[in-house]
Amino acid sequence: MSLPPERDPRLIWTEADEPRSGRFGDVYFSAEDGLAETRAVFLAGCGLPGGWQDRGHYTIAELGFGTGLNIAAVLDLWQRTRTPGQRLSLFSVEGYPLAPDEARRALSRWSELAPATAALLSGWPAATPGFHRIDLPGFGASLDLAVGPVEWALTQWSGRADAWFLDGFSPATNPDMWSEDVMDAIAARSAADARIATFTVAGDVRRRLTDRGFIVEKKPGHGRKRQRLEARRHGVPEPDPALPRIAIVGAGIAGASVARALEAQGASAVLFETVGAAPAASGFPAALVTPRFDLGDAAVAALFAQALDRAVALYRDIPGAVLAEGVVQRPGTERDAARFARIADQPIWAPDAMRLDDQGDLVMRDAVTVAPAAIRDPWLASTPAADGRVASIVPGPAGWALLDAEGGTLAEADAVILCAGAGNAALLPGLALSPVRGQADWSRHDPPVATAWGGYVAPTPDGVLFGATHDRDQTSTEVRAADTRRNLETLATRFPDLAGAIDPATVASRAAIRATTRDRLPLCGAVPDRPGLFVLGGLGSRGFCLAPLLADHVVALTLDRPSPLPADIAARVAPSRAAARALVEPPASRED
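What counts, and at which threshold
- Residues numbered from 1 in each chain as written.
- Predicted model: local features only at pLDDT ≥ 70, side-chain atom pairs only at ≥ 80, totals over all residues.
- Heavy atoms only, no water.
- Helix = DSSP H or I, 4+ residues; strand = E, 2+ residues; numbered from the N terminus.
- Buried < 20%, exposed > 50% of the residue type's maximum accessible area, 1.4 Å probe, protein only.
- Contact = heavy atoms within 4.5 Å.
- Areas by Shrake-Rupley, 256 points an atom, 1.4 Å probe, with all protein chains shown as cover.
- Pairing = 2+ DSSP bridges.
- Axes fitted to C-alpha atoms, helices over the stretch in contact; angles between N-to-C directions.
- Core = buried A, V, L, I, M, F, W, Y, C linked by side-chain atoms within 4.5 Å.
- Expected span 1.5 Å × (residues − 1).
- Parallel < 35°, antiparallel > 145°, perpendicular 65-115°, else oblique.
- Nonpolar A, V, L, I, M, F, W, Y, C, P; charged D, E, K, R; others polar.
- Salt bridge = Lys/Arg side-chain N within 4 Å of Asp/Glu carboxyl O.
- pLDDT = per-residue confidence, 0-100.
- Left-handed = near helix turned anticlockwise from the far one by under 90°.

Okay, the overall build of the protein chain next. Helix and strand counts for the protein chain stand at 17 helices and 30 strands. Within the protein chain, the fraction of its 592 residues that count as buried is 55%. At a minimum sequence separation of 6, the contacts of the protein chain that also span at least 24 residues come to 72%. Of the accessible surface of the protein chain, which amounts to about 23900 Å², a share of 51% is contributed by carbon and sulfur atoms.

Here it is, written out as structure tokens:
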């Protein structure tokens, strides 16, 4: 993995095969026994495993991910001591990430950590700036790794830590990790009785923790290190809330993603469909998973880069879900050539993930074509579907009541997550959602490489999908021969031979309704002034890219757990933003 100079840790391997940071002139772990040091300084220093006993959910935050040794050690301890149903949230910050092969080399000396190390390395993310979620399902845990400056990462994280591992390089060589602002952020993101452990006993660190309400004690160190620190807030711990009764409304890719995210967090739900639910885009035989590009808005660009990374990682774990790797974006105008070059150079992409080919096309290495049913079916398999269809949702005696068309109560829930696409607007009047009708067609012909250019073409399990029309404010879903002709005409502009070989009378066709917003950004989060009501919608034509990450976010909000979405991005997609409350939506250009 080639890193830009500003993120390169300048790793040095000593003669004893131990990793050392050339950037900070310090070791990643003790030369005597790094694992023993981790267990003594951080695990015992935070009172583990006792701290998580009788806790349904526990959160650990770390400053200084390094080789991943602390996380592997805590996963090993967690696996040996946790009780069924417990969940662990991990958060770590790293400014100068190691490549997976480097981490594997560093961790290989401890065979007792092999299961935890293997799980960690299997999800090791690209070293791109931002948040990266690593699923650890065999451990009932997840890790959110923030790549970037520590102060930025802490201000963007939504969690509240029960324990902190402060494992940055020495304050003398890496003062930014131990600054006043960082200590403020640690205090702000700590539970009432949070514990802190660190190897350093520097006077400035002790003072800054004490000034923020922590009781600090020097403890015997490990190995050659004479002393270490433990700190604790003596507040009243907040009891773990009971898991809420949750209803998901909508069984498309948004609802399926929410069901998966809930299951990953040890929670469950009941699935409902709406009265007169329109066909969703997830009913087509194939779907492209591609990001929206943005050169002028860093937060929006980062959202789609993170979403693509999350979605593709999850889809690749599902047998038969990924039909083809890579998607080509062809230019629509002469200006696109220069634009594509700038897109490829954005630091949000992994090396070579975006590149220009000899024709000036943008080759998206990590974009994929997927089979929607192969994703939806397993993700919904463990979520029971309710009888009856929802026509309205009203406050109930204990949360929310889901009513049928006759006003009868289908169910009551503590929390409702609306994932009904364009149908969300009927259930929640005031949402600025506009319907967009789209028809696509498919045929038994050999497909080219998945390509988008305004239209698109993609492989299906037994042929080729092409389309799609884009008719705003239309809600009819009958198949139209005129739309098939339009799609063939669009296909002929880029693939004339394929279009000429397709007989319109032999194609299969389907129309579905997308939901879009005024600012072309999704709606994801808590509905203002309606406690317990959440929405995931407005995904437009990017549902298969956005839904998995945004489902993680809305489930985190529902369960009051750390979100993988940075705070500034979460604010951009929140239903409380001004664009989501607007009732009049002006015309907008077609999405990329």
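With that settled, the discussion passes to the sheet that holds strand β8 (residues 161-166). What the 8 strands build is an open sheet, ordered β6-β7-β5-β4-β8-β9-β11-β10; its pairing is mixed. Of all the strands in the sheet, the pair left with one neighbour each is β6 (130-136) and β10 (215-220). Between one strand axis and the next, the sheet turns by 20° as a mean value, whatever way the strands run. Where strand β5 (residues 87-94) and strand β7 (residues 141-147) come together, 7 bridges link them in parallel fashion. Residue pairing across strands places Ser 92 opposite Leu 145, the latter belonging to β7. In the packing of helix α2 (residues 69-81) onto the sheet, the strands contacted are β4 (57-63), β5, β6, β7 and β8, and the crossing angle to β5 comes to about 170°.

Among the nonpolar cores identified, the biggest contains 80 residues, and Val 258 and Val 289 are the most heavily contacted of them. With near-sequence residues (within four places) excluded, Val 258 lies in contact with Ile 248, Ile 417, Cys 419, Leu 536, Ala 551, Val 554 and Val 555. By size, the runner-up hydrophobic cluster in this structure holds 74 residues, among which are Trp 78, Leu 136, Ile 196 and Leu 209.

Let us look at helix α13 (residues 481-492). For α13, spanning 12 residues, the distance from its first C-alpha to its last is 17 Å, which sits close to the expected 16 Å at 1.5 Å a residue. In the core, the buried residues of α13 are packed alongside β23 (433-443), β25 (456-460), β26 (463-467), β27 (471-472), α14 (496-501) and β28 (508-517).

A separate point is the packing of helix α9 (residues 298-315) against helix α15 (residues 543-559). For the pair α9 and α15, the least separation of the axes is 7 Å and the interaxial angle reads 90°. It follows from the interaxial angle that α9 and α15 lie roughly perpendicular. Every residue of α15 that contacts α9 at Leu 303, Phe 304, Gln 306, Ala 307, Leu 308, Arg 310, Ala 311, Leu 314 and Tyr 315 is listed here: Phe 544, Cys 545, Leu 546, Pro 548, Leu 549, Leu 550 and Asp 552. The residue inventory of the contact of α9 with α15, partitioned by class, reads 13 nonpolar, 1 polar and 2 charged.

Under the definition given, this model contains 32 salt bridges. Asp 414 is the salt-bridge partner of Arg 245, the closest N and O atoms lying 3.2 Å from each other. On the criterion of sequence distance, the pair formed by Arg 245 in the loop between β11 (227-232) and β12 (246-249) and Asp 414 in the loop between β21 (409-413) and β22 (415-418) is long-range, its members being 169 residues apart. The exposure class assigned to Arg 245 is partly exposed, which follows from its relative accessible area of 39%. One connected set of salt bridges, linked through shared partners, spans Glu 180, Asp 184, Asp 204, Arg 207, Arg 208, Asp 211 and Arg 212.

We now examine the confidence of the model for the protein chain. Confidence in the prediction for the protein chain averages 92 pLDDT; 96% of positions are at 70 or higher. Per-residue pLDDT stays below 50 along residues 583-592; that stretch engages in 23 contacts with residues further than four places along the chain or on separate chains.

At a closest axis distance of 8 Å, the pairing of helix α8 (residues 253-264) and α15 adopts a crossing angle of 45°. It follows that α8 is oblique to α15 by the angle criterion. Read as a crossing pair, α8 and α15 show a hand that is right-handed. Within the contact between the two elements, α8 uses Ile 253, Ala 254, Ser 257, Val 258, Arg 260, Ala 261 and Leu 262 and α15 uses Gly 543, Phe 544, Ala 547, Pro 548, Ala 551, Asp 552, Val 554, Val 555 and Leu 559. Residues belonging to the contact of α8 with α15 are distributed by class as follows: 12 nonpolar, 2 polar and 2 charged.

We now examine the pairing of β4. Among the 7 residues that make up β4, 7 are buried, leaving the element largely enclosed by the rest of the structure. The pairing of β4 with β8 spans 4 bridges and is parallel. Note that in β8 the partner of Glu 62 across the bridge is Phe 165.

Our next topic: α2. Relative to the 18 Å expected for 13 residues at 1.5 Å per residue, α2 spans 18 Å between its end C-alpha atoms, a close match to the ideal helical length. Of all 13 residues making up α2, 10 are buried, and the element is well covered by its neighbours. Those residues of α2 that fall on the buried side of the exposure criterion are Leu 69, Asn 70, Ile 71, Ala 72, Ala 73, Val 74, Leu 75, Asp 76, Leu 77 and Trp 78.

Here the bond from Leu 48 into Pro 49 is cis, since omega is 15°, no more than 30 degrees from zero. As for its position among the elements, Pro 49 is in the loop between α1 (34-43) and β4. Across the junction of Gly 467 and Ala 468, the peptide omega takes the value -10°, indicating a cis bond. For Ala 468, the position within the fold is in the loop between β26 and β27. One non-glycine residue, Asp 54, lies in the positive phi region at around 65°. Residue placement: Asp 54 occurs in the loop between α1 and β4.

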